[in-house]
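Here is what each chain is made of, one letter per residue.
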Amino acid sequence: RSDPPMLFVRSGEMVTVRGDEHGRHAISAVSESLLRGRMTRSADYRRLVHDKNRKPHYPSVNPPIDVVRDVLALAPENWNFPALESVTESPLLRPDGSVLSASGYDQATRVYYAPSPSLRLPAIPAEPGINDVVNAVATIDEVLEGFPFVDGASKANAYAMLLTPIVRRAVTGNVPIALVDAPQAGTGKSLLAEIVALIHTGSDAAMQPSPARGDESEWRKMLGAVLLNGNALIVFDNVDHRLQSASLALAVTASTWTDRILGQTKTITLPVRFTWIVTGNNLQLGGDLPRRCYWIRLDSGSSVPWQRVGFRHPDLKDWVREHRGELLGALL
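As for the packing of aromatic side chains
So, point 1. Overall, the coordinates contain six aromatic pairs when judged by the stated rule.
So, point 2. For the pair W79 and F81, a centre-to-centre distance of 6.3 Å together with 25° between the ring planes defines the contact as stacked.
So, point 3. Classification of W79 by relative accessible area gives buried; the value is 9%.
So, point 4. Look at F274 and W276: their rings are 6.3 Å apart centre to centre, the planes differ by 65°, and that puts the pair in the edge-to-face class.
So, point 5. You can call F274 buried: its relative accessible area is 1%.
So, point 6. Connected via pairs of aromatic rings, a cluster forms that spans F8, Y105 and Y112.

Printed below as a string of structure tokens:
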């Protein structure tokens, strides 16, 4: 067992956390080759051989593949690895209200915190004063001021969307879907979702296309795939049809998700601890979804909203990247 832990157990499977070339981290199943590499780095394996004079020698060898397979086949309780539920690239609140800000695995939340090396967080006061709160609100408003919210409720819900990834682990139950809606393209729906992703992951949002209405088989495959990755944020971008899915409605309200692994006969049960965002033009909902969502409506009042000018930060995404630590500190 390594310290800090590098191998974990999730839904009865041995897993690890791996990053890609863009700095995004996800949960990945441990293969034979990966486990063999970890075993090679963790111990010195030797084989007993005798020379022609029957003198023993112990040359170094790789871990025997049969031993590797035997370890993978053990019952999870025999591995003695910590349980892992999800991965986060930003600090978050634990159920007791304390802040998870140390990188690596956190036993209290079963979350692996993998911040980008460039992230610099300001000090978070244990008991914020009124000036701290006022300054935090001003910082967040600097991000939101260019978006044409139709009313105060939509802006309040945008705050909720920004805060949800941070407080999600402190919420015992479920959280609803944030709907970012506008009358036409170019109003800023996808940009707002991307800003949330940039603040909380440090990289561009991994947008997901939504399956066609009524295609429950595709919905289940897609939901199973994104839940398996263990990311904290799921964005369905530019939904151009009536959003109605029994599988999505179930995932939003369930504490765990059970489904068959694509291409295999075995099933897997995964915790559901995610922030959900859906964007689209004039979104329409069906089935049980209307009461499982909250609305953020944008409307610039222009027939060509993409031609608007005069923004405080013309390249908002670059500004957010540069001030990510300050924004996270304000949200915390």
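Things to note about the nonpolar core
The tendency in soluble globular proteins is for nonpolar side chains to be buried as a group.
So, point 1. In terms of nonpolar packing, the biggest core is built from 40 residues, with M161, I277 and I296 touching the most fellow members.
So, point 2. Look past the residues within four positions of I296 in its chain and what remains in contact with it is F149, S154, N157, A158, M161, A178, L179, V180, D181 and L192.
So, point 3. Judged by nonpolar contacts, the second largest core, of 27 residues, contains I234, F236, W257 and W276.

Brief notes about the packing of helix α5 (residues 152–167) against helix α6 (residues 189–201)
So, point 1. Running from amino to carboxyl end, α5 crosses α6 at an angle of 30°, the nearest separation of the two axes being 10 Å. The angle between α5 and α6 falls in the class roughly parallel. Two packed elements cross with a definite hand, and for α5 against α6 that hand is right-handed. Residues M161, L162, P165 and I166 of α5 form the contact with α6, whose participating residues are L192, V196, I199 and H200.
So, point 2. Residue classes in the contact of α5 with α6 are distributed as seven nonpolar, one polar and no charged.

Re the sheet that holds strand β10 (residues 111–113)
So, point 1. As summarised here, the arrangement of the three strands in space is β6-β10-β9, forming an open sheet in which the pairing is mixed. On the outer flanks of this sheet lie β6 (86–88) and β9 (104–106), each paired with one strand and no other. Between one strand axis and the next, the sheet turns through 30° on average, direction left out of account.
So, point 2. Pairing geometry for β6 and β10, over three bridges, is parallel. Counted as the bridge partner of V87 is Y112 from β10.

About the cut-offs
Residues numbered from 1 in each chain as written. Predicted model: local features only at pLDDT ≥ 70, side-chain atom pairs only at ≥ 80, totals over all residues. Heavy atoms only, no water. Phe/Tyr/Trp six-rings, centres within 6.5 Å; stacked < 30°, edge-to-face > 60°. Buried < 20%, exposed > 50% of the residue type's maximum accessible area, 1.4 Å probe, protein only. Core = buried A, V, L, I, M, F, W, Y, C linked by side-chain atoms within 4.5 Å. Contact = heavy atoms within 4.5 Å. Axes fitted to C-alpha atoms, helices over the stretch in contact; angles between N-to-C directions. Helix = DSSP H or I, 4+ residues; strand = E, 2+ residues; numbered from the N terminus. Parallel < 35°, antiparallel > 145°, perpendicular 65-115°, else oblique. Left-handed = near helix turned anticlockwise from the far one by under 90°. Nonpolar A, V, L, I, M, F, W, Y, C, P; charged D, E, K, R; others polar. Pairing = 2+ DSSP bridges.

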